[in-house]
2 protein chains.
Amino acid sequence: MAFSLEYFSEIVDDAISAIDYPKTAPRLFDPIKYTLQSGGKRLRPVLALAVFSALTHRPAEEAVNQAIAVELFHNFTLLHDDLMDNADLRRGRPTVHRKWGANTAILSGDAMLTLSSMYLAKGAGSHLAKLDESFNQTAMEVYEGQQLDMEFENRDKVSVAEYMEMIRLKTSVLLAGACRLGAIMADAEQATADAFYKYGLALGLAFQMRDDWLDTYGDPAVFGKAIGGDILNRKKTWLLITALNESPEELPAILAEDLDDDEMIRQVRDVYDSLNLGDRCEKLALQYSEDARKCIADLKIDVEALNFFNKLAEEASRRNH
Amino acid sequence: MAFSLEYFSEIVDDAISAIDYPKTAPRLFDPIKYTLQSGGKRLRPVLALAVFSALTHRPAEEAVNQAIAVELFHNFTLLHDDLMDNADLRRGRPTVHRKWGANTAILSGDAMLTLSSMYLAKGAGSHLAKLDESFNQTAMEVYEGQQLDMEFENRDKVSVAEYMEMIRLKTSVLLAGACRLGAIMADAEQATADAFYKYGLALGLAFQMRDDWLDTYGDPAVFGKAIGGDILNRKKTWLLITALNESPEELPAILAEDLDDDEMIRQVRDVYDSLNLGDRCEKLALQYSEDARKCIADLKIDVEALNFFNKLAEEASRRNH
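The text that follows walks through the structure, step by step, so that each part is easy to find. The shown structure was predicted, so the numbers you read here are calculated from the model rather than taken from an experiment.

### A look at the packing of aromatic side chains
Then, in step 1: In the structure shown here, the tally under the stated rule is 30 aromatic pairs over all chains.
Then, in step 2: Where F8 of chain B meets F308 of chain B, the ring centres are 5.8 Å apart and the plane angle is 70 degrees; that geometry is what we call edge-to-face. In this pair, F8 of chain B sits in helix α1 (residues 5-17) while F308 of chain B sits in helix α16 (residues 303-318), placing the two residues 300 residues apart along the sequence. In terms of burial, F8 of chain B and F308 of chain B fall into one category: buried.
Then, in step 3: With 5.7 Å between their ring centres and 40 degrees between their planes, Y21 of chain B and F29 of chain B make a pair best called tilted. The same class applies to Y21 of chain B and to F29 of chain B, which are both buried.
Then, in step 4: Through pairs of rings, three or more aromatic residues link up here, namely F3, Y7, F8, F196, Y199, F308 and F309 of chain A.
Then, in step 5: Above the ring of W100 of chain A, the side-chain terminus of K99 of chain A is found at 5.2 Å from the ring centroid.

As structure tokens, then:
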């Protein structure tokens, strides 16, 4: 077995293809299949499988249902978030509510959440109570993160600490929770499960910081989409929030102006540059990825597994797309 | 202990008041509290507690978390259904999406579903796997029922058999599922759990048939709202579906006319009357309530408990509001 992203994500993809949907109301499940088919990195289920494998040396397939539960949950949140954000596209394809309407997006999302709960229980054996508790707590935190995100969009001022707490909830806890499910299935000691949980948290923050950076400072040719979307949407990223806090007069004045898109992006980026925010954001991502590596440095796992987790953290903060 | 609706619903109300909500994003939970406060019959949690009590003679409180899980799930479906149906009022108060907006309704509904899963697991002990399986299956069937209901609204022709299957899924399985949770918590034998499950199914059908009847033939003074709403909304009830099947020319012509409300109600009801649908609908409700009683007639439970379940079935098909 190669301890690699490709290896684990193939197990995930196979299991997703094999999902057995109820037959009564097929149209309820078409949007779920559509959402799952759109791919993505499968990062969360891969984390669950990798943690399980690192701790047991047993076939990753033993934890595949729990990995699928996380992927189903993640895609359910994307489906409902896209509706709430009124987004048109997801990974280059029309979002579910654009394709089938809002009601289908609501109901199929609900079904996806319950399907995820079904997979969590599948083959869980004596671990079910722990899995349930971990999973439900994570789910609730993800909603809290989304709630805070929506509230922040309507607020003039958000502190950096508040922003970090929001992305911890909205993004990081699910990566951490995925790691924890793998650890629970592996019967890991509490300290080991906690170490992987913290690794996932830091990994998520590294990911999100790099995300914020890429949207403003990425290379459009490599990034795969236009640069500056966050600026044009006034999205409260780390860059915007920090700039609003450190340059409380200049930036709001620019944002209130009626500039064309390129000029708006240029002027806002000038403010960011004057505060050295690009560098600071990049360094923050690197620091979180370093934190992630430290969380698991002392665990007794094979070097191959350790390298896998370290490389994942490294890539989260250095990726260009 | 008095084996009564009041007794059990007080236990439910107390437990609902004591729900401990996470603190991070309070606004996420305000709509959940609001929804739960609006009352209602608490029929589903009462059923769970009553079945548990009938089978164990132990304090109903031992199954209260699972009862609350069902009530949370039920209210979550109402919250999302109201949004999908674009309903303005629920039990005389503005619906959540009218009061807080669609996004809050979506997200708080999601949180309510996860909260319900948390309560299901609370104090479940060795029953968790069975509870989980039963609950998730029921949840999925409820979504399938809602999906069919939405599809039927856009279809010209729906058979009575299809309608009965839809209300079985949308309404009955949750009453049946509530009974089954109580039976699982009571460690009941499979045959006993099945008997109560079937009782819940028949009870739900009796309820729904009486619902359809009341909206057209009820006494507005007792019913508490205007009569004929279903007719004006072209809602595909048992009455309308049966009439469309048995009078395929007359009824569509009337429905297509531009009549004022009272006249529309009068003319449609004339068609119903010519087919004797009011009587037939009432009798169907009574028949289902009789079926419900038969399902549990041979169980070894106290006469007080048996009377309680029989009276509930009786009332479902005879109630006037």
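Here the narrative resumes.
### Observations regarding the side chain of R44 of chain A
Then, in step 1: Relative to the elements of secondary structure, R44 of chain A occurs in helix α3 (residues 43-56).
Then, in step 2: Beyond its immediate sequence surroundings of up to four residues, R44 of chain A is in contact with V70, H74, L174, L175 and A178 of chain A.

### What about the packing of α3 of chain A against helix α8 (residues 160-185) of chain A?
Residue and element names in this part refer to chain A.
Then, in step 1: Two elements in contact, α3 and α8, have axes separated by 7 Å at closest approach and are oriented at 35 degrees. For α3 against α8, the interelement crossing comes out right-handed. Residues L43, R44, L47, A48, V51, F52 and L55 of α3 touch α8, and the partners they reach there are L174, L175, A178, C179, G182, A183 and M185.
Then, in step 2: Residues of the contact of α3 with α8, tallied by class, amount to twelve nonpolar, one polar and one charged.

### Here we look at the relation of the copies chain B and chain A
Then, in step 1: Superposition of chain B onto chain A requires a rotation of 180 degrees combined with a translation of 0.0 Å along the rotation axis, giving an RMSD of 0.0 Å. When the rotation and shift are considered jointly, the pair of chain copies conforms to a two-fold rotation axis.
Then, in step 2: Residue by residue, 100% of the interface of chain B is reproduced at the interface of chain A, so both copies engage with the same surface.

### As for the pattern of salt bridges
Residues and elements named next belong to chain A.
Then, in step 1: Applying the stated criterion to the full structure yields 36 salt bridges over all chains.
Then, in step 2: Ionic pairing is found between D211 and R319, a salt bridge with its closest N-O pair at 3.1 Å. Linking D211 in helix α9 (residues 190-217) with R319 in the segment after α16 (303-318), this pair joins segments that are 108 residues apart in sequence.
Then, in step 3: Taking the relative accessible area as the measure of exposure, D211 reaches 35% and is therefore partly exposed.
Then, in step 4: A relative accessible area of 14% means that R319 is categorised as buried.
Then, in step 5: What you see here is one network of salt bridges that share partners, running through E290, R293, E314 and R318.

### With respect to the nonpolar core
Then, in step 1: Counting residues in each nonpolar core, the largest one holds 246 residues, and the members touching the most others are F309 of chain A together with F309 of chain B.
Then, in step 2: If we skip the residues at most four places from it in the chain, F309 of chain A touches F3, L47, A50, V51, A54, F196, Y199, I296 and I301 of chain A.

Reading the values: rules and limits
- All residue numbers refer to positions counted from 1 along the written sequence of the respective chain.
- Written order determines the labels here, with chains lettered from A and ligands numbered from 1.
- The model is predicted, so local features are restricted to residues of pLDDT at least 70 and side-chain atom pairs to those at 80 or more, both for listing and for counting; the totals for chains, interfaces and linings are taken over all residues.
- Only heavy atoms go into the side-chain values, all of them from the structure, while hydrogens and water stay out.
- Pairs were defined over the aromatic rings of Phe, Tyr and Trp, the Trp ring being its six-membered one, requiring ring centres within 6.5 Å. Orientation was assigned from the angle between planes: stacked under 30 degrees, edge-to-face over 60, tilted for the rest.
- Put simply, DSSP H or I for four residues or longer makes a helix, DSSP E for two residues or longer makes a strand, and each gets a number counted from the N terminus.
- Exposure is judged per residue with a 1.4 Å probe applied to protein chains only, and the accessible area is read against the type maximum: over 50% gives exposed, under 20% gives buried, and values in between give partly exposed.
- Think of it as a cone above the ring: NZ of Lys or CZ of Arg counts as a charge over the ring if it is within 6 Å of the ring centre and within 35 degrees of the ring normal.
- Any two residues whose heavy atoms approach within 4.5 Å are treated as being in contact.
- In this description, a line fitted to the C-alpha atoms serves as the axis of each element, helices being fitted only across the stretch in contact, and the angle between N-to-C directions of two axes falls anywhere from 0 to 180 degrees.
- For any pair of crossing helices, the crossing counts as left-handed if the nearer helix is rotated counterclockwise from the farther one by less than a right angle, and right-handed if it is rotated clockwise.
- Polarity classes work like this: nonpolar for Ala, Val, Leu, Ile, Met, Phe, Trp, Tyr, Cys and Pro, charged for Asp, Glu, Lys and Arg, and polar for all others, with Gly in that last group.
- The copies were overlaid with a least-squares fit restricted to C-alpha atoms from residues scoring a pLDDT of at least 70 in each copy.
- Any Lys or Arg side-chain nitrogen found within 4 Å of a carboxyl oxygen on Asp or Glu counts as a salt bridge.
- Here, the term nonpolar core denotes a set of buried Ala, Val, Leu, Ile, Met, Phe, Trp, Tyr and Cys residues that are joined through side-chain atoms within 4.5 Å.

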